Every structure is written in C-alpha cells, then in structure tokens.
Amino acid sequence: MFLETSPLTLNFATFVVVVICIIPIKQVMEKKAIQMKGGVCLGAENPTWLKQSSDKMVSYFALFIAATGLTLAVRGHYHMAYGIGKKE
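What counts, and where the lines are drawn
Residues numbered from 1 in each chain as written. Predicted model: local features only at pLDDT ≥ 70, side-chain atom pairs only at ≥ 80, totals over all residues. Heavy atoms only, no water. Helix = DSSP H or I, 4+ residues; strand = E, 2+ residues; numbered from the N terminus. Buried < 20%, exposed > 50% of the residue type's maximum accessible area, 1.4 Å probe, protein only. Contact = heavy atoms within 4.5 Å. Expected span 1.5 Å × (residues − 1). Patch = residues over 30% accessible without salt bridge, like charges linked within 9 Å, V, L, I, M, F, W, Y side chains within 5 Å. Areas by Shrake-Rupley, 256 points an atom, 1.4 Å probe, with all protein chains shown as cover. Salt bridge = Lys/Arg side-chain N within 4 Å of Asp/Glu carboxyl O. pLDDT = per-residue confidence, 0-100.

## As for the overall build of the chain
- Each helix and strand counted, the chain has four helices and zero strands in total.
- Within the chain, the fraction of its 88 residues that count as buried is 5%.

## Let's talk about the side chain of Asp55
- Along the chain, the position of Asp55 falls in helix α4 (residues 55–82).
- Once you skip the residues sitting within four places of it in the chain, Asp55 turns out to touch Thr48, Trp49 and Leu50.

## Notes on α4
- For α4, with 28 residues, the first-to-last C-alpha span of 41 Å sits near the 40 Å given by 1.5 Å per residue.
- The buried fraction of α4 amounts to one of the 28 residues, a small share that puts the element mostly on the outside.
- One or two residues past the end of α4 sits Gly83, with phi positive at roughly 70°.

## Things to note about the environment of Gln35
- Relative to the assigned elements, Gln35 resides in helix α3 (residues 25–36).
- In the structure, Gln35 is positioned twelve residues away from Pro47 in sequence and 9.8 Å away in space, judged by C-alpha atoms.
- Contacts of Gln35, omitting those with residues within four sequence positions, involve Thr48, Lys51 and Gln52.

## Topic: the environment of Ser53
- By the element assignment, Ser53 lies in the loop between α3 and α4.
- The spatial distance from the C-alpha of Ser53 to the C-alpha of Ile34 is 9.7 Å, given a sequence separation of 19 residues.

## Some remarks on a nonpolar patch on the surface
- Taken together, the side chains of Phe61, Phe64 and Ile65 define a hydrophobic patch exposed on the protein surface, amounting to about 350 Å² of accessible area.
- Tracing the backbone shows Phe64 in helix α4.
- Residue Phe64 is classed as exposed on the basis of its relative accessible area, which comes to 52%.

## A few points about the confidence of the model for the chain
- Confidence in the prediction for the chain averages 76 pLDDT; 65% of positions are at 70 or higher.
- The secondary structure element of the chain with the lowest average pLDDT is helix α1 (residues 2–5), at 48, and the one with the highest is α4, at 94.

Below, the structure written as structure tokens:
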C-alpha cells in the first residue's frame, strides 16, 4: 500500500523522461554513429564490443581480473593438495 501512494515510485514513462533529460540526444546519436561504423554485418575481425575508444582498456581489465582469479584458484588447489601454507 505504501508503494502505491509513494511519490518515489517510478513507472517506465517517468524513467524514459528522466533518461532523455539526462542524456542529450546528440550524444546518443554520436555514440550510435561510432557503433554503426563499418555496417551492421559484424564478424570476428570487427566486433561491436571493441568500437569505443575505452573498450580495449575495459576488456584488458576484465581479462586481468579473470586471470588473477584463475591463478589464485589454481594456487589454492595446489596448496591444499600438497599441504603447503598451513597455519600451525
């Protein structure tokens, strides 16, 4: 009942209006032009997720986090298997 009368509830139309007010249409069209560069028929040599200028840095960061996690997991399994690093 509280949510129905609360002024903080947002429906989809309110959300769209807020987003349109925050992000100008010109910026959206500029980013769309970058994404559409080279056509819409994309393959392995022209992936969509590497078209923005900061996409490579984000991809390398995600790869670094995944590699670090895998390394720590393998190290932990190795230490458990051979009983290394136990606290006495």
